[in-house]
Amino acid sequence: MSRRLKPLSQQTIVITGASSGIGLATAQAAALEGAKLVLAARDEASLKKIVQEIESHGGEAIHVVADVGERKQVQAIADRALERFGGFDTWVNDAGVSIYGHLEDVSDEDHHRLFDTNFWGVVYGSQIALKHLRANGGALVNLGSVASDMSLPLQGMYSASKHAIKGFTDALRLELEEQHAPVSVTLIKPTSIATPFAQHAKNYLDREPTLPPPLYKPDDVAQAILYAATHPVRDIYVGGAGKVMTTLNKNFPSVMDKVGSGMMTRMQMRDESAHPRADSLAHAGSDGEVEGDYPDRHPRHSLYTPISRHPLMAGVVIAAAGAAAAAMLQGRHRHM
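The following paragraphs examine the structure supplied in this document. (Residues numbered from 1 in each chain as written. Predicted model: local features only at pLDDT ≥ 70, side-chain atom pairs only at ≥ 80, totals over all residues. Heavy atoms only, no water.)

### Examining the environment of Phe85
Along the polypeptide, Phe85 turns up in helix α3 (residues 71-85). Residues Phe85 and Val38, 47 residues apart in the sequence, show an inter-C-alpha distance of 9.1 Å. (Helix = DSSP H or I, 4+ residues; strand = E, 2+ residues; numbered from the N terminus.)

What follows is the structure, encoded as structure tokens:
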């Protein structure tokens, strides 16, 4: 099976969730590389502004207003790409949202709405993209999370949706392998990224939500996505801390449960009362920003993610970090 992926300068890339955060960072980075862009989200005002900015710098982009939880609207994204550019080479399923709150406190309606966007948006995007990619070749890039491999208290249904995305993506990859389809399928697994994620989430807590440290730059995820658009790779972790945490969770699950149950809850709440918010669970956001508001966190670039492109070096780094963290956890466990 041939998976010859084009250079970015020769690609048309579809990005959902493109009006802010990772999607916007990816659009900006891809435009700098000369890619043509089809940007989709629910926030039309932000999309128009982003397209104008890209075009003002000599790039080429169009926007499509779409809710990825509706198959017909996702089909409209593909139809517009075919109409304007004759197709696409990479499809990025990025749209997503979260809910902060204990599982039993969150309404069924909100749980269903989260899955419509996070999971079914990926399913619809993947299936519709493959109608074109199977025949023409290219890359499908799905946004999972470290929460695809471990779960977070207070974001239980978000974690469930990311586990589901991993299961779907892995099964899809196997089926495409069996069919000898010329399509690369990559799952990106970011850890805490300094996007407007927490500000866009619906909040059931009485305190302002945040992300657990360390916090990484959105551009790190954008670069991982663009790497997947040009290199057939199975999955990419963004942020060494996420890779270490998921490795520890796999090898020391009981210890991680005890350590994480209280610690992870505390690290996802600011020491201040919840702010009034217009969340983006059921309605479009309206900020059009790459980075969010984290006054108690200082975003940094991931050293691990670029190294991960060289498996031997990445293995040495993670083994050393994992051994140090495991020793610390075992020490804490003995004193519990």
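Next comes the rest of the description.
### What about the nonpolar core?
Ile13, Ile15, Leu37, Leu39, Ile188, Val221 and Ile225 are the most contacted members of the largest nonpolar core, which totals 37 residues. Contributing elements (two or more residues each) for this core: β1 (12-16), α1 (21-32), β2 (36-41), α2 (44-56), β6 (138-143), α7 (218-230) and β10 (235-238). The biggest single contributor to this core is α7, with 8 residues. Each residue touching Ile188, except ones within four places of it in the same chain, is listed here: Val141, Asn142, Leu143, Gly144, Ser145, Val221, Ala224, Ile225, Ala228, Ile236 and Val238. Within the second largest apolar cluster, 32 residues are counted, among which are Ala40, Phe88, Val122 and Ala181. (Core = buried A, V, L, I, M, F, W, Y, C linked by side-chain atoms within 4.5 Å. Buried < 20%, exposed > 50% of the residue type's maximum accessible area, 1.4 Å probe, protein only. Contact = heavy atoms within 4.5 Å.)

### A word on the sheet that holds strand β7 (residues 183-190)
The parallel open sheet is built from 7 strands, whose spatial order is β3-β2-β1-β4-β6-β7-β10. The open sheet has two free edges, formed respectively by β3 (60-65) and β10, since each of these has just one partner strand. On average, each strand axis in the sheet is tilted by 15 degrees relative to the strand beside it, whichever way the strands run. Relative to β7, β6 is paired through 6 bridges, and the arrangement is parallel. Directly across from Ala139, in β7, lies its bridge partner Ser184. (Pairing = 2+ DSSP bridges. Axes fitted to C-alpha atoms, helices over the stretch in contact; angles between N-to-C directions.)

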